[in-house]
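# Descriptive structure summary
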There are 2 protein chains.
Amino acid sequence: MDTTIGIFGGGQLGRMMAQAALPLNIHCTFYEANVTCPSAILGKVFTSHESKDLKPFIESAPVFSLEFENTPLNEVDELVQSGKKIYPPRQALAIAQNRLSEKNLFKALDIPVAPFLAVDNLEDIHIAVEKLGLPIVLKTAMGGYDGKGQFIIRTHDQISQAWEELGAAKSLIAESFVQFSREVSIIAVRGQDGDVKTWPLAENHHHQGILSHSIVPAPKSESLQPVAQEYITRLLNHLDYVGVLTLELFVTSQGLYANEMAPRVHNSGHWSIEGSTCSQFENHIRAVAGLPLGETDCIRPTVMVNIIGQHPKIDDVLRLEGAHLHLYNKSERVGRKLGHITLMPHDSENLTDLCRKLAKILPEPLALQSDMNI
Amino acid sequence: MDTTIGIFGGGQLGRMMAQAALPLNIHCTFYEANVTCPSAILGKVFTSHESKDLKPFIESAPVFSLEFENTPLNEVDELVQSGKKIYPPRQALAIAQNRLSEKNLFKALDIPVAPFLAVDNLEDIHIAVEKLGLPIVLKTAMGGYDGKGQFIIRTHDQISQAWEELGAAKSLIAESFVQFSREVSIIAVRGQDGDVKTWPLAENHHHQGILSHSIVPAPKSESLQPVAQEYITRLLNHLDYVGVLTLELFVTSQGLYANEMAPRVHNSGHWSIEGSTCSQFENHIRAVAGLPLGETDCIRPTVMVNIIGQHPKIDDVLRLEGAHLHLYNKSERVGRKLGHITLMPHDSENLTDLCRKLAKILPEPLALQSDMNI
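On a predicted model such as this, the values are computed, not experimentally measured, just so you know.

## Some remarks on the sheet that holds strand 3 (residues 45-47) of chain B
Residue and element names in this part refer to chain B. A sheet is described by the order of its strands in space; here five strands give the open sequence 3-2-1-4-5, paired in parallel fashion. Edge strands, defined here as strands with exactly one partner in the open sheet, are strand 3 and strand 5 (85-86). Pairing between strand 2 (residues 26-32) and strand 3: three bridges, direction parallel. Residue Tyr31 lies in a different strand from strand 3, and its bridge partner there is Phe46. Against the sheet, helix 1 (residues 12-21) touches strand 1 (3-8), strand 2 and strand 4 (63-66), its axis set at about 165° to strand 2.

## Comments concerning the interface of chain B and chain A
Listed as interface residues are 37 residues of chain B and, on the opposing side, 37 residues of chain A. Taken together, both faces of the contact between chain B and chain A bury some 3,200 Å²; the carbon and sulfur share is 57%. On the chain B side of the interface with chain A, the three residues burying the most area are B:Pro23, B:Ile41 and B:Leu318, jointly 17% of the side's total. One salt bridge connects A:Arg300 with B:Asp297, and the closest N-O pair in it is separated by 2.9 Å.

## What to know about the environment of B:His266
Residue and element names in this part refer to chain B. Along the polypeptide, His266 turns up in the loop between strand 15 (255-262) and helix 9 (272-275). Dropping the residues within four chain positions of it, His266 is found in contact with Ile187, Thr246, Glu248 and Gln280. At 3.1 Å, the side chain of His266 and the side chain of Glu248 are in polar contact.

## Regarding the side chain of A:Ser176
The residue A:Ser176 is located in strand 9 (residues 172-176) in this model. According to the relative accessible area criterion, A:Ser176 is buried, its value standing at 14%.

## A look at the domain arrangement of chain A
Residues and elements named next belong to chain A. Each assigned domain of chain A is listed with its residue range as follows: domain 1 (3-86), domain 2 (115-176) and domain 3 (180-361). Each side of the interface is counted separately: domain 1 has 18 residues, and domain 3 has 20 residues. A buried area of about 1,700 Å², summed over both sides, lies between domain 1 and domain 3, and 72% of it is on carbon and sulfur atoms. Considering only the surface of domain 1 that becomes buried against domain 3, Gln12, Met16 and Glu69 emerge as the three largest contributors, covering 31% of it. Counting across the interface, domain 1 meets domain 3 through one salt bridge. The partner of Glu69 in a salt bridge is Arg264, with the nearest N and O atoms 2.5 Å apart. At the junction of domain 1 with domain 3, the criterion picks out four residue pairs in polar contact (both at pLDDT 80 or more). Taken together, the elements giving at least two residues each to the side of domain 1 that touches domain 3 come down to helix 1 (12-21) and strand 4 (63-66). Ranked by the residues each element gives to the side of domain 1 that touches domain 3, the list is headed by helix 1, at seven residues. Residues that form the side of domain 1 that touches domain 3 fall into these classes: 13 nonpolar, two polar and three charged.

## Side note on the pairing of strand 13 (residues 210-216) of chain B
Residue and element names in this part refer to chain B. In terms of burial, strand 13 is largely enclosed, as seven of its seven residues are buried. The pairing of strand 12 (residues 202-207) with strand 13 spans five bridges and is antiparallel. When the sheet's bridge partners are listed, His207 is paired in strand 13 with Ile210. Count of turn residues in the strand 12/strand 13 antiparallel hairpin: two residues, of which Gln208 carries a positive phi of about 50°.

## What to know about the sheet that holds strand 8 (residues 150-153) of chain A
Residues and elements named next belong to chain A. Strand order in the open sheet formed by four strands is 6-9-7-8, and the pairing between neighbours is antiparallel. Two strands lie at the open edges of the sheet, namely strand 6 (116-119) and strand 8, each paired on one side alone. Here the average twist between neighbouring strands, direction ignored, is 20°. Relative to strand 9, strand 7 (residues 136-140) is paired through five bridges, and the arrangement is antiparallel. Bridge pairing in strand 9 links Leu138 to Ala174.

## Regarding the packing of helix 6 (residues 122-132) of chain A against helix 7 (residues 159-166) of chain A
All names here are of chain A. Close contact between helix 6 and helix 7 brings their axes to 10 Å; oriented N to C, the two are set at 130°. Considering the angle they form, helix 6 stands oblique to helix 7. Like other packed secondary-structure pairs, helix 6 and helix 7 cross with a definite hand, here right-handed. Along the contact surface, helix 6 presents Leu122, Ile125, His126 and Val129, while helix 7 presents Ile159, Ser160 and Trp163. The class makeup of the residues in the contact of helix 6 with helix 7 is five nonpolar, two polar and no charged.

## Description of the pattern of salt bridges
Counted according to the given criterion, the structure contains 24 salt bridges over all chains. A salt bridge links B:Arg319 to B:Asp315, with the nearest nitrogen and oxygen atoms 3.9 Å apart. Taking the relative accessible area as the measure of exposure, B:Asp315 reaches 24% and is therefore partly exposed. Each of A:Lys103, A:Lys139 and A:Glu175 takes part in salt bridges that share partners, so that together they form one network.

## A look at the side chain of A:Arg336
Take A:Arg336: it is sitting in the loop between strand 17 (323-327) and strand 18 (337-343). Setting aside anything within four residues of it in sequence, one finds A:Arg336 in contact with A:Ile307, A:Ile308, A:Gly309, A:Lys330 and A:Ser331.

## A closer look at the nonpolar core
Among the nonpolar cores identified, the biggest contains 120 residues, and A:Leu325, A:Leu343, B:Leu325 and B:Leu343 are the most heavily contacted of them. In this structure B:Leu343 touches B:Pro301, B:Thr302, B:Val303, B:Leu320, B:Gly322, B:Ala323, B:Leu351, B:Leu354, B:Cys355 and B:Leu358, once residues within four positions along its chain are discounted.

## Some details on the relation of the copies chain B and chain A
Superposition of chain B onto chain A requires a rotation of 180° combined with a translation of 0.0 Å along the rotation axis, giving an RMSD of 0.0 Å. Look at the turn and shift together and you get a two-fold axis relating the two. When C-alpha positions in chain B are compared against the rotation axis, the closest is assigned to B:Leu42, at 3.3 Å. Comparing interface residues between copies, 100% of those in chain B also lie at the interface in chain A; the contact surface is shared.

## A word on the pairing of strand 17 of chain A
All names here are of chain A. Of all the five residues making up strand 17, five are buried; the element is thus mostly covered by neighbouring parts of the structure. Burial along strand 17 is two-sided: the residues Ala323, Leu325 and Leu327 and His324 and His326 are all buried. Across five bridges, strand 17 lies against strand 18 in antiparallel orientation. Across the sheet, the residue bridging to Leu327 is Gly339, located in strand 18.

## Some details on the packing of aromatic side chains
Residue and element names in this part refer to chain B. Tallied over the full model, the rule gives twelve aromatic pairs over all chains. Ring centres of Phe8 and Tyr31 lie 6.0 Å apart, and the angle between their planes is 85°; this geometry places the pair in the edge-to-face category. Linking Phe8 in strand 1 with Tyr31 in strand 2, this pair joins segments that are 23 residues apart in sequence. On the basis of relative accessibility, which here comes to 5%, the residue Tyr31 falls in the buried class. Ring plane angle 75° and centroid distance 5.2 Å describe the contact between Phe8 and Phe57, whose orientation is recorded as edge-to-face. Pair noted here: Phe8 is in strand 1 and Phe57 is in helix 2 (residues 55-58), with a separation of 49 residues, a long-range link. Among the residues examined, Phe8 registers a relative accessible area of 3% and is labelled buried.

Rules of the game
- Residues numbered from 1 in each chain as written.
- Chains lettered and ligands numbered in written order.
- Predicted model: local features only at pLDDT ≥ 70, side-chain atom pairs only at ≥ 80, totals over all residues.
- Heavy atoms only, no water.
- Pairing = 2+ DSSP bridges.
- Helix = DSSP H or I, 4+ residues; strand = E, 2+ residues; numbered from the N terminus.
- Contact = heavy atoms within 4.5 Å.
- Axes fitted to C-alpha atoms, helices over the stretch in contact; angles between N-to-C directions.
- Buried area = accessible area lost by both parts, 1.4 Å probe.
- Salt bridge = Lys/Arg side-chain N within 4 Å of Asp/Glu carboxyl O.
- Polar contact = N/O pair within 3.5 Å; in protein donor to acceptor, adjacent residues only side chain to side chain.
- Buried < 20%, exposed > 50% of the residue type's maximum accessible area, 1.4 Å probe, protein only.
- Domains from an automatic or database assignment.
- Nonpolar A, V, L, I, M, F, W, Y, C, P; charged D, E, K, R; others polar.
- Parallel < 35°, antiparallel > 145°, perpendicular 65-115°, else oblique.
- Left-handed = near helix turned anticlockwise from the far one by under 90°.
- Core = buried A, V, L, I, M, F, W, Y, C linked by side-chain atoms within 4.5 Å.
- Least-squares fit on C-alpha atoms with pLDDT ≥ 70 in both.
- Phe/Tyr/Trp six-rings, centres within 6.5 Å; stacked < 30°, edge-to-face > 60°.

In structure tokens:
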């Protein structure tokens, strides 16, 4: 192949994209503030910190992608104006950067969402509480991730506090609080020829707003899979999307509700490096490079567990049957994603047992518990 | 982990070792004549071409390994004298560099080999022909690979010609010509704690002395596997070996005969990147770094096919079900290994069909045929 893909961002997602690209003779460059970022070992980093001059980065590749959905649209515009391609396309990015646009698109495509209202001022919150009922979730329309930038209003007297905390963002969204039994995500990829492939649903477990672990295939998801697949395919085709798209969904008594989409490879898809014939990273690279897509089947039931804040003892992790360790070359910090572990034992009956063992090994086991059952 | 391993050589084997090391936060440096070698993207290359000063390379890492069994022993000695470790150990390397020492070791460990004799002059060939009978294979004791440095003597009048071609090497070995039905290889890894793990046997098909493709597990090898495993374990323990060792064997009517060993990761083990829970590259890195070893099971039946001389059309390859492409970033040249393809379809019934399709796609299909049967 012998081509280059420029990537906005140089964190662990860029790193794993570049790892997947290497055997195809595709190299990556990165636009990133931190020159010692996780991706730095795999390609040239154009620092966005020292200089806001995008040109050297734009000249480094014929085609571009991103690892961060909040990649500034003005930078994307500069790139497109200079005649370069970027996948996913600008319109997908613009919509994903605004929760209101995103929810409106879901509605327009008949993808169920919790009732929501736009909030621009304190009075709008009162209206939303009246129309949607309590509790409601107030979120900034733009920005915020891993549970940041949101407030759950459970009682009327929390309304002022919610506005105080989030009002500065100007554009907010109020959503009905969805009673859901669990969160799942569907990841799919669309090629430049319109071919769509979808991985099996992941069941995601969070701890304080951060993904703790994903179980794939999501248990008891046979009837949900075709529905989720249909929803994400509608999104991909509507947006004329190229690359990997992730859709987070709530499982409710009324069926699946879309929560949000991420126009990029996703933490809940890291299992696919070993667990699928073609990983989310390789398929994203294939799509961006205009190559045919690979199979997205699940080879064996798999659990992906995040390493957050502190590193475990490597020896203990590698001693677990069928354990794959992925470190991101990041220093320890509270709440920081430092790596992940994929458990894919030969006999999937051992998955629960391995998760229990891993819960004892990890300094920060998050939602992983020593008495868990899959 | 955050350590560095220095590797003698920077070809595709070094590249794939470094790829496997990266997720463990282990980095590699390379000692190699060609600074634009396949490994260069993954770590600093200390050029052996411009300067024979090993010191900068020796200072670049606390522990070392190699991708090339003919790594000069004087360089290994300099490294060991400076207090650094190298795995596999020097004695394994010294024996593997000399076919006579190697065959003598096999005999000493009760590993069957074809009858052989040392040849130092023309007269010795006549003696060998008399004692071993025709045909015999004459090989240089040191050097030679991929079928180079050997001569099959079928008639008495070829003796002079054989001596003319190979006599300059001074030390030769004459071996009985083994009637074998096929060639297989066993690959195993030994950790610093003495733990040994063995991958399933690969059945290897050659074309003009170059490996064309490997089928794993080798068909009808259930009874051969424990025997081969026992042989390689004897070698590993005797040599106090650390890292990956490969043993090539002939399947004969008298059972398995050892052909030669390679003290390194091996082309017939490339399938393990996708086909095994832990690849030969990752387990070699784990062993050299003193980490616990991973599982060496075969996830699904797999065929690994070499790309030699000319690149195929990438699109055609990636369109094959369950195809994994590994390019080495090398330019085209007759007989040169440019990459490999691993076929691991979801339904292994499709393997034969996929091999037939691939035979039509590859510019140099070698021993891969459009009417083959696995």
